[in-house]
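Secondary and tertiary structure notes
The lines below spell out each chain.
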Amino acid sequence: MRRWGTSYRRAADILFTLLISMVGLILLAPHIHLLATIAVRGLRVILEEGSIFFTGTPPPPGSGGLGGIAPAIVGSLMLGISTAALSLPLALATALLLVERPRSPLASVARAGVVSLLEMPTVLVGMMAYALVVVPLGSHSMLAGALALSVVMTPYVVVYAERALREVPREYREAGAALGLEWWRVTLGVVLRVGERGVLAGIVMGLAKALGETAPLLFTLGAQRSQVPTSLMGPGDAIPLMIYHFAATPYDNWRDLAWGGALLLLVLVLGLHLLSRRMAGGG
Amino acid sequence: MTRGDRVFGLLLSTAGAATLGLVALVALLTLLKAWPALSEWGLGLLLGLRWAPSEAGLEYSSYGLLPAIAGTLAVALIALVLALPSALVLALWVEGVLPRRLGALVDSVLVVLAGLPTIIYGLWGSSVLAPLLQETLLPGLHGILGWVPLFSCEPLTGRTILTAGILLALMVTPFTFALVREALSRIPQGVKEALWALGSTRLEYSLHLARMIRPSLLAGGLIAFGRAAGETVAVALVVGNSYTLPVCVNRPGVTVSALIANQFPESSLYPLMESTLYAGGLVLLALGALASAAGMIIQRRMSRDA
């Protein structure tokens, strides 16, 4: 057994271990409380309403009933699909550029762009989408929201996809070249295929980020919650936006819906994170 | 280099340029939209104290963004002061004190927390944290430290600058934890093993590691500050939205992002209000760019000394 030296050092060490563990637990406590509160309050709301929570629309403010948040749920799903469709081409191409031509000047440009996008305040992205889409079209739209979210999603996909593609061993590329394949065939047919799982995991992570964002939707979506959105060109709703608006109201039934929505959002985002980890780890 | 290769290369290059182009687009558009207000009021827009819109006409309205800018800085500063030590403590706890399995568990929890949508923090903050602080911390601080100008005003509501700062600290801590963990992982394994081999206690080990990552802590702090400054919905729900300077943190205040969130939807009704809000956005961009630039300079100086 190692000798620890003077008993003073040992005592200080034990005190330190106790103290830091206590402080660590205290620091974690608010976060755990947050997760627990969402679980408890959200579950109570969802269980009380049952399936209507997922299929109904919000009730009049202050009335007794609870209703549901179907417009927000459908809206988030629609946004998820359209955001991915809008962001993937740019994100994947940028990731491929960073992996295939890492030292080119354009790669440095792209890297700067990705880092800047990661840090950009999302409310500014929403303001930009408002100016470029909502104003010219004359109305709020899901499309504007999807465009704003795709700007938020792109850098995350780039980062994860680049990491995944970088891990593809160069032997694959060399084998492709040795077989006489052109560069683009090697990249798309071999490298991308081999790194597929990691890239998909990255897309899922980017989606998880985009679905949780609120600020880009504030001025673009139009918060239409009386009916389920049917087209991308019209206004709509989304779960984070619904939570934001209802949380700020004094009406209990609307606030309850916000808690229910928060639990739904939490489960959705956590589920996507787990899915992504499964995809990246298993492959 | 075949023709297919050339086309492919062109596509990739376009994508790379477009990525930076998006950033430039946001920045340029914000500048363009902010220009009318900036040229009308100049520096007074950033230094003025009143938010006085008027539908009657431009000569009756005046906008000054200083309370919002000061509020953003105050809230982000409080968040940084609370979050950076917290992240350091948590990282040292996980790295040097906890047994490996428990450390991995805490690490996973924090990774999950880092990915949480911020609106969830906002909901919890406005429903749970604000009322709690109104009953406990705010009167406590006013009672004990009331002689300090920062806490000298009587707290009337739970939605204050301090509340927003604390909520932001909670939001930013998991992310900062990841940054500190990354910095700790860059310390060569041989150095860590040498510390143990020389008979370090956990306390000594942790102190040594903390000393070694000092520049990274500074850089990470700047990144966290930038993150906190840009956060919108959670802050808007708890900051109180009172257009005053954050001289006393027990009182409600306002931040640039909260101001935008609240005023932007109706802003086209008032002459130049929308433009003023874009000017606020410009300030946010400048803050973020400054924080990143400072962080990069520190990192460059750090790698030069290494």
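Criteria and thresholds
Residues numbered from 1 in each chain as written. Chains lettered and ligands numbered in written order. Predicted model: local features only at pLDDT ≥ 70, side-chain atom pairs only at ≥ 80, totals over all residues. Heavy atoms only, no water. Helix = DSSP H or I, 4+ residues; strand = E, 2+ residues; numbered from the N terminus. Buried < 20%, exposed > 50% of the residue type's maximum accessible area, 1.4 Å probe, protein only. Contact = heavy atoms within 4.5 Å. Rg over C-alpha atoms; globule rule 2.2 N^0.38 Å. Phe/Tyr/Trp six-rings, centres within 6.5 Å; stacked < 30°, edge-to-face > 60°. Salt bridge = Lys/Arg side-chain N within 4 Å of Asp/Glu carboxyl O. Polar contact = N/O pair within 3.5 Å; in protein donor to acceptor, adjacent residues only side chain to side chain. pLDDT = per-residue confidence, 0-100. Patch = residues over 30% accessible without salt bridge, like charges linked within 9 Å, V, L, I, M, F, W, Y side chains within 5 Å. Areas by Shrake-Rupley, 256 points an atom, 1.4 Å probe, with all protein chains shown as cover. Axes fitted to C-alpha atoms, helices over the stretch in contact; angles between N-to-C directions. Parallel < 35°, antiparallel > 145°, perpendicular 65-115°, else oblique. Left-handed = near helix turned anticlockwise from the far one by under 90°. Nonpolar A, V, L, I, M, F, W, Y, C, P; charged D, E, K, R; others polar. Disulfide = S-S within 2.5 Å. Expected span 1.5 Å × (residues − 1). Bend = angle between axes of the 7 residues up to and from the residue.

A closer look at the overall build of chain B
Scanning chain B for helices and strands turns up 13 helices and 2 strands. Seen along its three principal axes, the alpha-carbon backbone of chain B occupies a region of about 75 × 75 × 35 Å. When the 306 residues of chain B are sorted by exposure, 51% land in the buried category. Sequence-distant contacts in chain B: of pairs separated by 6 or more residues, those separated by 24 or more amount to 72%.

A look at the overall build of chain A
In terms of regular secondary structure, chain A is built from 12 helices and 0 strands. Each helix and strand of chain A, placed in order from N terminus to C terminus, yields the pattern α-α-α-α-α-α-α-α-α-α-α-α. Here the C-alpha radius of gyration of chain A, 24 Å, is well above what a compact globule of 283 residues would show, namely 19 Å. For chain A, buried positions account for 51% of its 283 residues.

Description of the packing of aromatic side chains
Overall, the coordinates contain 11 aromatic pairs over all chains when judged by the stated rule. Arranged with centres 5.3 Å apart and planes meeting at 90°, the rings of Phe53 of chain A and Phe54 of chain A form a pair that is edge-to-face. Of the residues examined, Phe53 of chain A reaches a relative accessible area of 0% and is grouped as buried. Aromatic pair Trp51 of chain B and Tyr63 of chain B: ring centres 4.8 Å apart, planes at 55°, arrangement tilted.

Digging into the interface of chain B and chain A
At the interface, 71 residues of chain B touch 73 residues of chain A. Counting across the chain B and chain A interface gives 2 salt bridges. In this structure, the salt-bridge partner of Arg202 of chain B is Asp13 of chain A, at a minimum N-O distance of 3.4 Å. Our enumeration of links across chain B and chain A arrives at 14 residue pairs in polar contact (both at pLDDT 80 or more).

Section: the confidence of the model for chain B
All names here are of chain B. On average, residues of chain B score 90 in pLDDT, and 99% of them are at 70 or above. Here helix H6 (residues 137-145) is the element of chain B with the lowest mean pLDDT, 83, and helix H11 (residues 233-238) is the one with the highest, 95. Note on the complex model: pTM 0.92, ipTM 0.91.

Observations regarding the side chain of Ser292 of chain B
Tracing the sequence through the fold places Ser292 of chain B in helix H13 (residues 273-305). On the basis of relative accessibility, which here comes to 17%, the residue Ser292 of chain B falls in the buried class. A distance of 2.8 Å separates polar atoms of two side chains, one belonging to Ser292 of chain B and the other to Glu119 of chain A. At 2.9 Å, the side chain of Ser292 of chain B and the backbone oxygen of Gly288 of chain B are in polar contact.

Considerations on a nonpolar patch on the surface
All names here are of chain A. Among the surface-exposed residues, Leu15, Leu19 and Met22 lie close enough to one another that they form a single nonpolar patch of about 320 Å² accessible area. Tracing the chain through its elements places Leu15 in helix H1 (residues 7-49). A relative accessible area of 54% means that Leu15 is categorised as exposed.

Remarks on the packing of helix H3 (residues 70-100) of chain A against helix H6 (residues 142-166) of chain A
All names here are of chain A. Across the interface, H3 lies against H6 with an axial gap of 6 Å and an inter-helix angle of 40°. Taken together, the axes of H3 and H6 are oblique relative to one another. The chirality of how H3 crosses H6 is right-handed.

Overview of the packing of helix H3 (residues 66-97) of chain B against helix H9 (residues 202-212) of chain B
All names here are of chain B. Interaxial distance between H3 and H9 falls to 10 Å at its minimum, and their mutual angle equals 125°. In terms of orientation, H3 and H9 fall into the oblique class. The two elements H3 and H9 meet at a crossing, and its hand is right-handed. Contact residues: Leu92, Glu95, Gly96 and Val97 in H3; Arg202, Tyr205, Ser206, Leu209 and Ala210 in H9. When its residues are assigned to classes, the contact of H3 with H9 shows 5 nonpolar, 2 polar and 2 charged.

Re the confidence of the model for chain A
Per-residue confidence for chain A gives a mean pLDDT of 91, with 98% of residues at or over 70. Per-element confidence in chain A is highest for helix H10 (residues 215-218) of chain A, whose mean pLDDT is 96, and lowest for helix H2 (residues 52-55) of chain A, whose mean pLDDT is 86.

Examining the state of the cysteines
Residues and elements named next belong to chain B. Following the criterion strictly, the structure yields 1 disulfide over all chains and no others. Across a sulfur-sulfur distance of 1.8 Å, Cys153 and Cys248 are joined as a disulfide pair. Its S-S torsion of approximately -100° makes the covalent link between Cys153 and Cys248 left-handed. Taken together, the residues Cys153 in the loop between H6 and helix H7 (161-185) and Cys248 in the loop between H11 and helix H12 (256-263) connect sequence positions 95 residues apart.

Looking at H1 of chain A
All names here are of chain A. Across its 43 residues, H1 extends 62 Å between first and last C-alpha, which sits within 8% of the 63 Å expected from 1.5 Å per residue. Along its length, H1 reaches its greatest deviation from straightness, about 35°, at Ala29, and the proline Pro30 lies no more than four positions downstream. Of the residues trailing H1, Gly50 is marked for its positive phi of about 70°.

Structural notes on the pattern of salt bridges
Per the counting criterion, the structure on display carries 11 salt bridges over all chains. When salt bridges that share partners are traced, they join Glu95, Asp107, Arg181 and Lys192 of chain B into one network.

Some words on unusual backbone geometry
As a rule of thumb, non-glycine residues mostly have phi less than zero, and peptide bonds are mostly trans rather than cis. A positive phi angle is found at Ala223 of chain A, which is not glycine, with a value near 50°. Positionally, Ala223 of chain A belongs in the loop between H10 and helix H11 (239-247). On the basis of relative accessible area, Ala223 of chain A is assigned to the partly exposed category, the value being 24%. Positive phi values are uncommon outside glycine, yet Asn241 of chain B reaches one of about 50°. One can find Asn241 of chain B in the loop between H11 and H12.

Structural notes on the environment of Val123 of chain A
In this structure, Val123 of chain A sits in helix H5 (residues 122-137). Considering only alpha carbons, one finds Val123 of chain A and Glu213 of chain A, 90 residues apart in sequence, at a separation of 9.7 Å. When neighbours within four sequence positions are excluded, Val123 of chain A is seen to be in contact with Ala215 and Phe219 of chain A together with Thr232, Ile260 and Leu284 of chain B.

Quick word on the environment of Leu90 of chain A
Turning to its location among the elements, Leu90 of chain A is positioned in helix H3. Under the relative-accessibility criterion, Leu90 of chain A is labelled buried at 18%. Considering only alpha carbons, one finds Leu90 of chain A and Trp184 of chain A, 94 residues apart in sequence, at a separation of 17 Å. When residues no more than four places from it in sequence are discounted, the contact partners of Leu90 of chain A are Thr154 of chain A together with Ala15, Ala18, Thr19 and Leu22 of chain B.

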